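Geometric and topological summary
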Amino acid sequence: MKYHSTNNASHQVDLKEAILRSLPPDNGLYMPNSLPTLPEDFWKNYRNMSFKEIGFAVASAFFGEDVAAEDLRKIVNGTIEFDAPLVALSPDDHILELFHGPTLAFKDFGARFMARLMAHLTKNEDRMLTVLVATSGDTGGAVASAFHNVPGTRVVILYPKGKVSGLQEKQLTALGGNITALEIDGSFDDCQALVKQAFLDRELSERMNLTSANSINLSRLVPQSFYYIHSARQLPEGVKPVFVVPSGNFGNLTAGLLAKQLGLPVEHFVAATNRNDVVPAYLEKGEYLPRPSVATISNAMDVGAPSNFVRMQALFGNSWNEMKSNISGMSFSDDETRVAIREVKSKFGYQIDPHGAVGWLAARQYRKEHPGSMTITLETAHPAKFPDVMDAELGKDSVEIPARLAILANQPKVATALNKDWQTFRDWLTANIL
Ligand SMILES: *Cc1c(COP(=O)(O)O)cnc(C)c1O
């Protein structure tokens, strides 16, 4: 399969380049030249298949031409080492829990698949693949965990000293092995600048076989469509779900569109946002007006210029009407989100995180406007990741910290302290990585 840039259909690359480069040089996004569908045979049987078998079928539809079946099966099985359970709050109100991975957020699916695919694509090179990433918190943790112990790879993470939470820092510094943490005496922007400079340094970048684990990498989207299919088949036969997706950069929602394109029967999608409502506003008015983000309590969705929007447009042939007839947009305030967290707890005894709560509000509104519909709301992170909000709404220590996170808290921090000077960083890389 060939891949092209959304900015220039004639800029075509193979799978390896699309994945390792992450972004085309023209700043578009990579899309497959043709969008696969799954055969009728699959849709006859998928209700009885396992999560892993569904994942393998989807991954084969996208990558089967380029990656041998047995390799792809290993990549999928290594990605899905945990379930994505569907919880019914009431018969028409379902929550899809995507936080059972090591870093407690849905991003584990994409990051783990990407790590394994990257390792596979570079396995015949005698050089290690080095992933260089700057983080302000969560992304670095998901990437570190995903690449931890993946043969042929190593990760160098730069994080700003004193500016990430204690638990986040442990996610970056306590893994060891092929994960190296650099504690930079500076801001997140300083870390980002050092990473950019390293990629611009041709000699360094080539000798080190550098890659980025960018969140818009195509290989992060495809595994996110696995759980749309896995969850839909758990509804009663013949019911088409309405998927409600708490959204920021819209990767998760785009993965849902890919699942529908593969042939999954879907009634409708709802894009649920906080006050950063650029996409809901576009769906309503037809005008796309990106703007600076504002801070909210569902902070992983504080995005003012969603990076996957161009992919969504491409999937609908750049037609506003087409997009509008498939996706509704809804946005909610922090106050409404806080009330929802309390309401979901008191009515159903369920602890929902601030991102999932935005989704739950949108699902409730959609069902009210479309009686008889059945919603699946994606719960994108575990509530334990947001102790301040959860404690304020449900009481102190109301949310139990999962063991996999608690264990990390007791591990020692191992990080190399560096100043933010480029030459110091370059010297460190040359001495330690080359
Ligand atoms: C990243 C993230 C989102 C937003 O997902 P997109 O794919 O960027 O729309 C929502 N919730 C949580 C908890 C996240 O970490």
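You'll find the structure just up there.
All values derive from a computational prediction rather than experimental measurement.

**A look at the site of the ligand**
Taken together, 14 residues sit near the ligand, with K107, G248, N249, F250 and T380 positioned nearest. A distance of 2.8 Å is found between an oxygen atom of the ligand and a backbone nitrogen or oxygen belonging to F250. Relative to its free-state accessible area of 390 Å², the ligand is covered by the protein chains to the extent of 93%. Considering only residue class, the shell around the ligand consists of six nonpolar, seven polar and one charged.

**A word on the sheet that holds strand 2 (residues 8-13)**
Read across the open sheet, the three strands follow the order 2-1-3; overall the sheet is antiparallel. For this open sheet the edge positions go to strand 2 and strand 3 (30-32), each flanked by a neighbour on one side alone. Taking each pair of neighbouring strands and ignoring which way they run, the sheet shows an average axis angle of 40°. By the bridge criterion, three bridges tie strand 1 (residues 3-5) to strand 3 in an arrangement that is antiparallel. Within strand 3, the position partnered with H4 by the bridge is M31.

**Focus on the packing of aromatic side chains**
Summed over the entire model, instances satisfying the criterion amount to 18 aromatic pairs. Ring centres 6.0 Å apart and planes at 25° place the aromatic pair F42 and Y46 in the stacked group. Across the pair, exposure class does not vary: F42 and Y46 are buried alike. Between Y288 and F309 the ring centres are 3.9 Å apart and the planes differ by 5°, which places this aromatic pair in the stacked class. Of this pair, Y288 sits in the loop between helix 13 (278-285) and helix 14 (309-315) while F309 sits in helix 14, placing them 21 residues apart in sequence. One aromatic cluster is present, built from ring pairs that chain together F51, F82, F109, Y227, Y228, F243 and F269. For K324, the ring lying beneath its charged end belongs to W320, and the centroid distance is 4.0 Å.

**Some points on the pairing of strand 5 (residues 93-97)**
Within strand 5, five of the five residues are buried, which leaves it mostly tucked inside the rest of the structure. The alternating pattern of strand 5 places D93, I95 and E97 on one face and H94 and L96 on the opposite face, and all of these are buried. Linking strand 4 (residues 86-90) back to strand 5 in an antiparallel pair, the connection comprises two residues. Pairing between strand 5 and strand 13 (residues 375-379): five bridges, direction parallel. In the strand pairing of strand 13, H94 is matched with I376.

Criteria and cut-off values
- Residues numbered from 1 in each chain as written.
- Predicted model: local features only at pLDDT ≥ 70, side-chain atom pairs only at ≥ 80, totals over all residues.
- Heavy atoms only, no water.
- Near = heavy atom within 4 Å.
- Polar contact = N/O pair within 3.5 Å; in protein donor to acceptor, adjacent residues only side chain to side chain.
- Areas by Shrake-Rupley, 256 points an atom, 1.4 Å probe, with all protein chains shown as cover.
- Nonpolar A, V, L, I, M, F, W, Y, C, P; charged D, E, K, R; others polar.
- Pairing = 2+ DSSP bridges.
- Helix = DSSP H or I, 4+ residues; strand = E, 2+ residues; numbered from the N terminus.
- Axes fitted to C-alpha atoms, helices over the stretch in contact; angles between N-to-C directions.
- Phe/Tyr/Trp six-rings, centres within 6.5 Å; stacked < 30°, edge-to-face > 60°.
- Buried < 20%, exposed > 50% of the residue type's maximum accessible area, 1.4 Å probe, protein only.
- Lys NZ or Arg CZ within 6 Å of the ring centre and 35° of its normal.

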